[in-house]
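Reading the structure
Listed here are the chains, written in short residue letters.
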Amino acid sequence: MSRLPDDRSVRLVRWWTRRYTAGLDQMTTAFRSAEIDSDLAEHDHFRRETEWPTSRIGRERVRRLLAGVPADIGWRHDRLRIRARPVVTTIVLPVTTVAQLLLAAYYVAFSAYLLGSSALADQQIWGRFPLQGFEGYADEAGASGVAFIIAGLGLSLALAAVARPVSPVVANAVTIPSAVFAVMFFWLGVWALGLIVLTGAATDLATRAPNPTPP
Amino acid sequence: MPRRKPGSLLPLEVSILAACRDAGTPGIHGFALAQGIADAEESRRLTATGTLYRALHRLDDGGLIENWWEDPNEAAAAGRPLRRLYRITGAGATALARAQSDADELALRRIDPGFVS
C-alpha cells in the first residue's frame, strides 16, 4: 500500500482536520489527524485497486469531507464538552455552589439590614409608624453598615480566591457582586445591578450542570 | 431536533456495531467499516468521514466499542499510516442485539398491527 497521495483533495482534508482540531489537547488532535490520514490512505488504496482514475477518487474524497463537516463540528463540540465535564462535575460545581449560596445569603441579609437601617434613620418603618427615641440606633446602624460592607468584601474576596484556581469565570462572577457591595450602600440603582449580576452568576452555574450523553 | 432516548442507537451506530461484529478479525479500522457498511447496504457511497468517526467516538465513549492503535512496525512494514482498530465490547453486542430485536419487532408490527411480543 502507498502512503498518502499528494493531491489537492488530500491537502484540503488535512487542512480542514487542522481547523476543527485547533485548540484541542495535543493527544486528541494527533489521534484524529492520524486516523484521518489512515482513512485517506486506505480509501486511495481501495479505489486504485478498483481502477478508479485519480480525479474520481479526489471527487469522492471531497464529497466524503463535505458531507461530514457538520459531524466534524459536532465531534469538536463533543470533545470540548468531555474535556470540561470532569472539572465541572467533580470540583467546580460543589465549591462554587457553596460560594454562591453563602454570598447570596449575605446579600439578602445585607439588603434587609439596609432597608431596616434606612427606616430607622427616617425614624419610621414603611413610613407609617413614628419611632420616638430611636435616633441613637440610627447612628449605630450607620456604623454597623460599614462593618457589614467590610465583612461582605472580605467574604466575597475569600470565596473568589477559593474559586479562582478551579474556575476563573466563576471567580469573576463572585468578585463582581463583591465590588458592587461597596457602592450599593450609597446608590440603590447599583444594588439592583448587584442582584442582576448575582442572578446571572447563578444562571451560569445552572447551565454548567452536566448533560447526559447517549447511549 | 428532539433528543434521542437514552440507550437507543442511531441506524449508523447499529450498522457500525454489526460491521464490527461481522468483521471476524481482532479489530477493524475505520475505512474498512465504511466499506463494510456500504456493502451491507448495497450502496456505492461510502459514509462521510466526519459522520463515521464521530459515531465511532460516540460508541467508544459509551463503552460499546473499544479501540487501540496497531503495532507501528506492522504499519511501517506495509508502508502505510498507522491504523486505529475497533472492536465491539460485550455491552456493544448486547445493545446491538436489543436494537436488532426492537427493529424486528417494529417490522412485525407493521406487517401485523395486532402482534404482541
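Residues numbered from 1 in each chain as written. Chains lettered and ligands numbered in written order. Predicted model: local features only at pLDDT ≥ 70, side-chain atom pairs only at ≥ 80, totals over all residues. Heavy atoms only, no water.

1. Regarding the sheet that holds strand E2 (residues 65–69) of chain B
Residues and elements named next belong to chain B.
- Across the sheet, three strands lie side by side as E1-E3-E2; this open sheet has antiparallel pairing. Pairing within the sheet leaves two strands with one partner each, and these edge strands are strand E1 (28–29) and E2.
- Pairing geometry for E1 and strand E3 (residues 84–88), over two bridges, is antiparallel. Among the inter-strand pairings, His 29 is bridged to a residue of E3, identified as Leu 85.
- On top of the sheet, helix H1 (residues 11–22) reaches E1, E2 and E3; it is set at about 95° to E3, its chief contact. (Pairing = 2+ DSSP bridges. Helix = DSSP H or I, 4+ residues; strand = E, 2+ residues; numbered from the N terminus. Contact = heavy atoms within 4.5 Å. Axes fitted to C-alpha atoms, helices over the stretch in contact; angles between N-to-C directions.)

2. Side note on the interface of chain B and chain A
- At the junction of the two partners, chain B supplies 33 residues and chain A supplies 33 residues.
- At the junction of chain B with chain A, the criterion picks out four salt bridges.
- Note that Asp78(A) is salt-bridged to Arg54(B), the shortest N-O span being 2.9 Å.
- Scanning the region where chain B abuts chain A turns up 10 residue pairs in polar contact (both at pLDDT 80 or more).
- For the side of chain B that touches chain A, the secondary-structure elements that each account for two or more residues are helix H2 (30–40), helix H3 (49–61) and E3 of chain B.
- For the side of chain B that touches chain A, the class distribution of residues is 13 nonpolar, 10 polar and 10 charged. (Salt bridge = Lys/Arg side-chain N within 4 Å of Asp/Glu carboxyl O. Polar contact = N/O pair within 3.5 Å; in protein donor to acceptor, adjacent residues only side chain to side chain. Nonpolar A, V, L, I, M, F, W, Y, C, P; charged D, E, K, R; others polar.)

3. Things to note about the environment of Ile73(A)
- When you line up the elements, Ile73(A) lands in helix H4 (residues 69–121).
- As for Ile73(A) and Tyr20(A), which are separated by 53 residues in sequence, their C-alpha atoms are 6.6 Å apart.

4. A closer look at unusual backbone geometry
- Despite not being glycine, Glu51(A) has its phi angle at roughly 60°, a positive value.
- Among the secondary structure elements, Glu51(A) is positioned in the loop between helix H2 (26–49) and helix H3 (54–67).
- Look at Glu51(A) and you get exposed, because its relative accessible area is 71%.
- One non-glycine residue, Glu42(B), adopts positive backbone phi at about 50°. (Buried < 20%, exposed > 50% of the residue type's maximum accessible area, 1.4 Å probe, protein only.)

5. Some details on the nonpolar core
- Formed by 37 residues in total, the largest nonpolar core has its most connected members in Leu9(B), Ile16(B), Leu17(B), Cys20(B), Leu33(B) and Leu56(B).
- Breaking this core down by element, the ones donating at least two residues are helix H1 (8–21) and H2 of chain A together with H1, H2, H3, E3 and helix H5 (90–111) of chain B.
- With seven residues, the top contributor of residues to this core is H1(B).
- Ignoring any residue separated from it by four or fewer positions in sequence, one finds Ile16(B) in contact with Leu33(B), Ile37(B), Leu52(B), Ala55(B), Leu56(B) and Leu59(B). (Core = buried A, V, L, I, M, F, W, Y, C linked by side-chain atoms within 4.5 Å.)

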